[in-house]
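# Structural features, examined
The residues making up each chain are set out below.
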Amino acid sequence: MNRIQTKLQEDKKLLSIYFTAGYPNINDTVSVIQNLEKSGVDMIEIGLPFSDPLADGPTIQASSTQALKNGMTSELLFEQLKDIRKSVSIPLIIMGYFNPMLQYGVEAFCEKCQEVGIDGLIIPDLPVDVYHSDYKAIFEKYDLINVFLITPQTSDERIRYIDSVSDGFIYMVSSTSTTGAKVGFGDIQTEYFERIANMNLNNPQIVGFGISNNETFTQATKHAKGAIIGSAFVKHVTNNGVKTINTFVKTIL
């Protein structure tokens, strides 16, 4: 069983943290991952920086720009992660846009993911239909789970199709805006969380976008299996450095 699937079976609400590979400094990638696991995080999304991100808010965009300036590439990321499984056991997911994977070669990219111990991919701009027809067999060959996003605008029919193609969790985007920390969730978002929960999907949902503290984490996980924090964490690392990761995680949990 894939590490993501094993983790989803645990009887607890899951905290997943997103960070940008090669940020703040080019060689911080591994220490960020190790510190997050030691701090009690359940899953990690490793952001592969891209020059033209679609869904990222200003904080993550700025970190991606800096990581690219630092020299981060797909090749370098795989090099940095080559021994990661000697020290880290929680699920690791690469989140990035499809273009760099296409340039690398989709099968070559997936093979490299398996080699270093990556469990899944989140590719916001890869349509589920294209994945299903062209790439699903490749992902399965290398035991990679592909995670799809849904938003408040996604139709029930589309959500059920995504659910049928998925075999891990569904990334439930909390709102239609770009990524970024928010103060709290309003009635519209709460109704959306409830509506999706009531669909009784086969795959659990993990909420992302707008989670920044214990209050928003608790709100997001009331009807979902877990929550993902990105911008608030990147902001913390920007202001306080990698050595204070434990302090940040404590404020969430």
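A brief report on the enclosed structure follows. (Residues numbered from 1 in each chain as written. Predicted model: local features only at pLDDT ≥ 70, side-chain atom pairs only at ≥ 80, totals over all residues. Heavy atoms only, no water.)

### Considering the pairing of strand S9 (residues 226-229)
Here is the key point about a regular strand: its side chains alternate between the two faces of the sheet. Inclusion rule: Buried residues are those whose accessible area, probed at 1.4 Å on protein chains only, stays under 20% of the maximum for their type, while exposed residues exceed 50% and partly exposed ones sit between those limits. Strands here are runs of E lasting at least two residues and helices are runs of H or I lasting at least four, both read from the DSSP assignment and numbered beginning at the N terminus. The criterion for strand pairing is that DSSP finds at least two bridges linking the strands in question. When the strands point away from the viewer, a crossover counts as right-handed if the route from the first strand across the helix to the second turns clockwise.
Side chains Gly 226 and Ile 228 project from S9 onto one buried face, and the interleaved Ala 227 and Ile 229 project onto a second face that is buried too. Bridge count for strand S1 (residues 14-20) against S9 is four bridges, and the pairing is parallel. Each residue of the ladder has a partner; that of Leu 14, found in S9, is Gly 226. Two elements, strand S8 (residues 205-208) and S9, share two bridges in a ladder whose sense is parallel. Bridged to Val 207 within S9 is Ala 227. Taking the sense of rotation as the criterion, the β-α-β connection linking S8, helix H10 (residues 214-221) and S9 turns out right-handed.

### Some points on the side chain of Glu 45
Just so we agree on the cut-off: Charged residues are defined narrowly, with Lys and Arg counted positive, Asp and Glu counted negative, and His plus the chain ends left uncounted. Whenever Lys or Arg places a side-chain nitrogen within 4 Å of a carboxyl oxygen from Asp or Glu, that contact is recorded as a salt bridge. Contacts are assigned to residue pairs that have any heavy atoms within 4.5 Å of one another.
Residue placement: Glu 45 occurs in strand S2 (residues 43-47). Among buried charged residues, Glu 45 stands out as having no salt bridge; its nearest opposite-charge side chain is Arg 85, 13 Å away. Residues contacting Glu 45, with those up to four places away along its chain left out, are Ser 16, Ile 17, Tyr 18, Phe 19, Ile 93, Met 95, Ile 122, Tyr 171 and Ile 228.

### What to know about helix H2 (residues 29-38)
What counts is decided by this rule: To obtain the arc, one takes the directions from the helix axis to the C-beta atoms.
Thr 29, Val 32, Ile 33, Leu 36 and Glu 37 are the residues of H2 that are buried. The buried residues of H2 all sit within an arc of 130° when viewed along its axis, so they share a single face. Buried residues belonging to H2 abut S1, S2, helix H4 (74-80), strand S3 (92-95), helix H11 (231-240) and helix H12 (245-252). Residue Gly 40 follows H2 closely and has a positive phi angle near 100°.

Read these as layout, nothing more, since geometry by itself doesn't imply function.
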